[in-house]
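Summary of the model geometry
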Amino acid sequence: MRIDIPEGKDPIGYVWGEMVPGIGIAASNFSLAVYSHSTLGLPEFEAARLRIAQLNGCLFCLDWRTERDGSKVEEGFLDAVAEWRTTDVFDDRTRLAAEYAERYVLDHHNLDEDFWARMSACYSQTEIVELSMSIGSWLAFGRLNHVLGLDAVCVLPGHSGTATP
């Protein structure tokens, strides 16, 4: 942990809410909006989110599974995300979401016309903007939590301990 957290304080609540309330609360609201207002299907949402988590190395993000209407992605989905190029588990939209997430993080200067043609064939312009904003949120906030060491001390809902490496 790179930030000193007072005894008895929740690390995320303290860093995001108390240390920099003018920024942290706005960032938290943006992050929550990504989950609350997404119109993307759960498989493509989670494929992009988990690919970002893999690239960021955020322990909390890797352990988290988004739930919608009582459903989560199936066991083994994280492994499929790592193998997005070759897995037979993904449809075109899900595979493209994982690809976009990876290229957004590692190779955003080379998103060429072929890539955008494939994106436009599978996603509406509104969905492309939504996915782009979601990926930006996950990249920024997952990386922030990992860099500061917050991801190793966050308690997931329903878990008794902290995320562990």
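Residues numbered from 1 in each chain as written. Predicted model: local features only at pLDDT ≥ 70, side-chain atom pairs only at ≥ 80, totals over all residues. Heavy atoms only, no water.

**Looking at unusual backbone geometry**
We note that Asp69 has phi near 50 degrees; this positive angle belongs to a residue other than glycine. Positionally, Asp69 belongs in the loop between helix H4 (59-63) and helix H5 (77-82). Using a relative accessible area of 83% as the deciding quantity, one classes Asp69 as exposed. (Helix = DSSP H or I, 4+ residues; strand = E, 2+ residues; numbered from the N terminus. Buried < 20%, exposed > 50% of the residue type's maximum accessible area, 1.4 Å probe, protein only.)

**Digging into the packing of aromatic side chains**
Taken as a whole and assessed by the stated rule, the structure comprises 10 aromatic pairs. An angle of 45 degrees between the planes, with centres 5.2 Å apart, marks the rings of Phe77 and Phe90 as tilted. In this pair, Phe77 sits in helix H5 while Phe90 sits in the loop between H5 and helix H6 (92-106), placing the two residues 13 residues apart along the sequence. Each member of the pair, Phe77 as well as Phe90, carries the same accessibility label: buried. Ring centres of Phe115 and Trp116 lie 5.1 Å apart, and the angle between their planes is 75 degrees; on these two criteria the pair is classed as edge-to-face. Relative accessible area serves as the criterion here: at 0%, Phe115 is assigned to the buried category. Classification of Trp116 by relative accessible area gives partly exposed; the value is 26%. Grouped by ring-pair contacts, the aromatic residues Tyr100, Tyr104, Phe115 and Trp116 constitute a single cluster. Between Arg68 and the ring centre of Phe45, over which it is positioned, the NZ or CZ distance is 4.8 Å. (Phe/Tyr/Trp six-rings, centres within 6.5 Å; stacked < 30°, edge-to-face > 60°. Lys NZ or Arg CZ within 6 Å of the ring centre and 35° of its normal.)

**Some remarks on the pattern of salt bridges**
Within the structure shown, the criterion is met by 9 salt bridges. The partner of Glu99 in a salt bridge is Arg118, and the shortest N-O contact between them spans 2.8 Å. One end of the pair, Glu99, is in helix H6; the other, Arg118, is in helix H7 (residues 113-122), with 19 residues separating them in the sequence. Relative accessible area serves as the criterion here: at 9%, Glu99 is assigned to the buried category. (Salt bridge = Lys/Arg side-chain N within 4 Å of Asp/Glu carboxyl O.)

**Considerations on the environment of Val89**
When you line up the elements, Val89 lands in the loop between H5 and H6. Sequence separation between Val89 and Asp114 is 25 residues, and the spatial gap between their C-alpha atoms is 23 Å. Apart from residues no more than four positions distant in its own chain, Val89 is found in contact with Glu74 and Ala80. (Contact = heavy atoms within 4.5 Å.)

**With respect to the environment of Leu55**
In this fold, Leu55 is placed in helix H3 (residues 42-56). Exposure remark for Leu55: the relative accessible area of 25% places this residue in the partly exposed category. Residue contacts for Leu55: discarding those within four places in its chain leaves Ala101, Glu102, Val105 and Leu106.

**Focus: the confidence of the model for the protein chain**
When pLDDT is low, close inspection of the predicted coordinates is not appropriate. Model confidence for the protein chain is summarised by a mean pLDDT of 91, while 93% of its residues fall at 70 or above. Contacts of residues 158-165 to residues separated by more than four positions or lying in other chains number 15 contacts, the stretch itself having pLDDT below 50. (pLDDT = per-residue confidence, 0-100.)

**Focus on a nonpolar patch on the surface**
Taken together, Met19, Val20 and Ile23 make up a surface patch of nonpolar side chains, about 280 Å² in accessible area. Relative to the elements of secondary structure, Met19 occurs in helix H1 (residues 11-19). A relative accessible area of 40% places Met19 in the partly exposed class. (Patch = residues over 30% accessible without salt bridge, like charges linked within 9 Å, V, L, I, M, F, W, Y side chains within 5 Å. Areas by Shrake-Rupley, 256 points an atom, 1.4 Å probe, with all protein chains shown as cover.)

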